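Per-entry structural report
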Amino acid sequence: QVQLVESGGGLVQAGGSLRLSCTVSGRTSGTLAMGWFRQAPGKEREFLAAISWLGTSTYADSVKGRFTCSRENAKNTVYLQMNNLKPEDTALFYCAAAKLYSDVAGGRPDYWGQGTQVTVSS
């Protein structure tokens with residue numbers, strides 16, 4: 001069993017920054033690939049970023065250059081640094097994990113967090 005707990009969401013003005021964190025625990029958490037998704041009201045869940053155990057990462061075009069995904073394996077934590085936030089970034093942000101990097105990057109993770117709300121005001 002793997003548990004993912006996100007934190008760091010909140011309300012920020014357009015142009016501002018936030019850093020989300022996701023702490024992983026459980027028996028198989030050691031070498032999981034991780035990632036971030038978001039879901040805005042009335043929209044499908046959207047892939048944002050994936051990062052492998054060794055730090056290889058990939059991003060959705062919509063956030064490339066503004067969002068950076070990183071991880072600290074010793075702390076079982078993955079981060080999403082979000083800069084130059086826009087009102088259209090408002091969504092519930094989810095941390096996700098999978099044994100295979102391709103599953104995270106392909107939108108098919110094995111595990112999900114509960115989500116943390118990010119609201120960007122104009």
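Residues numbered from 1 in each chain as written. Predicted model: local features only at pLDDT ≥ 70, side-chain atom pairs only at ≥ 80, totals over all residues. Heavy atoms only, no water.

**Overview of the overall build of the protein**
Looking only at helices and strands, one finds one helix and 11 strands in the protein. In the protein, the order of α-helices and β-strands from amino to carboxyl end is β-β-β-β-β-β-β-β-β-α-β-β. At 13 Å, the protein has a C-alpha radius of gyration in line with the 14 Å of a compact globule built from 122 residues. Its C-alpha atoms put the protein at 40 × 25 × 25 Å along the principal axes. Counting all 122 residues of the protein, 44% fall into the buried class. Of the contacts formed within the protein by residues at least 6 apart in sequence, a portion of 56% connects residues at least 24 apart. For the protein, the computed accessible surface area is about 6200 Å², with 48% contributed by carbon and sulfur atoms. (Helix = DSSP H or I, 4+ residues; strand = E, 2+ residues; numbered from the N terminus. Rg over C-alpha atoms; globule rule 2.2 N^0.38 Å. Buried < 20%, exposed > 50% of the residue type's maximum accessible area, 1.4 Å probe, protein only. Contact = heavy atoms within 4.5 Å. Areas by Shrake-Rupley, 256 points an atom, 1.4 Å probe, with all protein chains shown as cover.)

**A short note on the pairing of strand E11 (residues 116-121)**
Two faces belong to every sheet, and in a regular strand the side chains alternate between them. Only one face of E11 is covered, namely the one carrying Thr116, Val118 and Val120; the face carrying Gln117, Thr119 and Ser121 has none of its residues buried. Sheet analysis places strand E9 (residues 91-98) next to E11, joined by three bridges and oriented antiparallel. Within E11, the position partnered with Leu92 by the bridge is Gln117. (Pairing = 2+ DSSP bridges.)

**Details of the pattern of salt bridges**
Taken as a whole, this structure holds six salt bridges when the rule is applied. A salt bridge links Arg66 to Asp89, with the nearest nitrogen and oxygen atoms 2.7 Å apart. One end of the pair, Arg66, is in the loop between strand E6 (57-59) and strand E7 (67-72); the other, Asp89, is in the loop between strand E8 (77-82) and E9, with 23 residues separating them in the sequence. By relative accessible area, which is 11% here, Arg66 ends up buried. Of the charged contacts, one joins Glu72 and Lys75 as a salt bridge, the two residues approaching to 3.8 Å between their closest N and O atoms. For Glu72, a relative accessible area of 33% puts it in the partly exposed group. Here the residues in one salt-bridge network are Arg38, Glu46, Arg66 and Asp89, joined through shared partners. (Salt bridge = Lys/Arg side-chain N within 4 Å of Asp/Glu carboxyl O.)

**Some words on the environment of Phe93**
Relative to the assigned elements, Phe93 resides in strand E9. Taking the relative accessible area as the measure of exposure, Phe93 reaches 0% and is therefore buried. When the C-alpha atoms of Phe93 and Gln117 are compared, they prove to be 6.1 Å apart, with 24 residues separating the residues in sequence. Residue contacts for Phe93: discarding those within four places in its chain leaves Glu6, Leu20, Phe37, Arg38, Leu48, Phe67, Leu80, Met82, Gly115, Thr116 and Val118.

**Description of the nonpolar core**
Counting 38 residues, the largest nonpolar core has Leu4, Met34, Trp36, Leu80, Met82 and Phe93 as the members making the most contacts within it. When contributions to this core are tallied by element, the ones reaching two or more residues are strand E1 (2-7), strand E3 (18-26), strand E4 (33-39), strand E5 (46-51), E7, E8, E9 and E11. Here the element with the most residues in this core is E9; it accounts for seven residues. Setting aside its immediate chain neighbours within four residues, Met82 contacts Gly16, Ser17, Leu18, Leu20, Arg66, Phe67, Phe93 and Val118. (Core = buried A, V, L, I, M, F, W, Y, C linked by side-chain atoms within 4.5 Å.)

**Description of the side chain of Arg38**
As for its position among the elements, Arg38 is in strand E4. Within polar-contact distance, the side chain of Arg38 engages the side chain of Asp89 at 2.8 Å. Setting aside residues no more than four positions away along its own chain, Arg38 makes contact with Glu44, Arg45, Glu46, Leu48, Ser62, Val63, Phe67, Asp89, Ala91, Leu92 and Phe93. (Polar contact = N/O pair within 3.5 Å; in protein donor to acceptor, adjacent residues only side chain to side chain.)

Coordinates in, geometry out; function isn't part of it.
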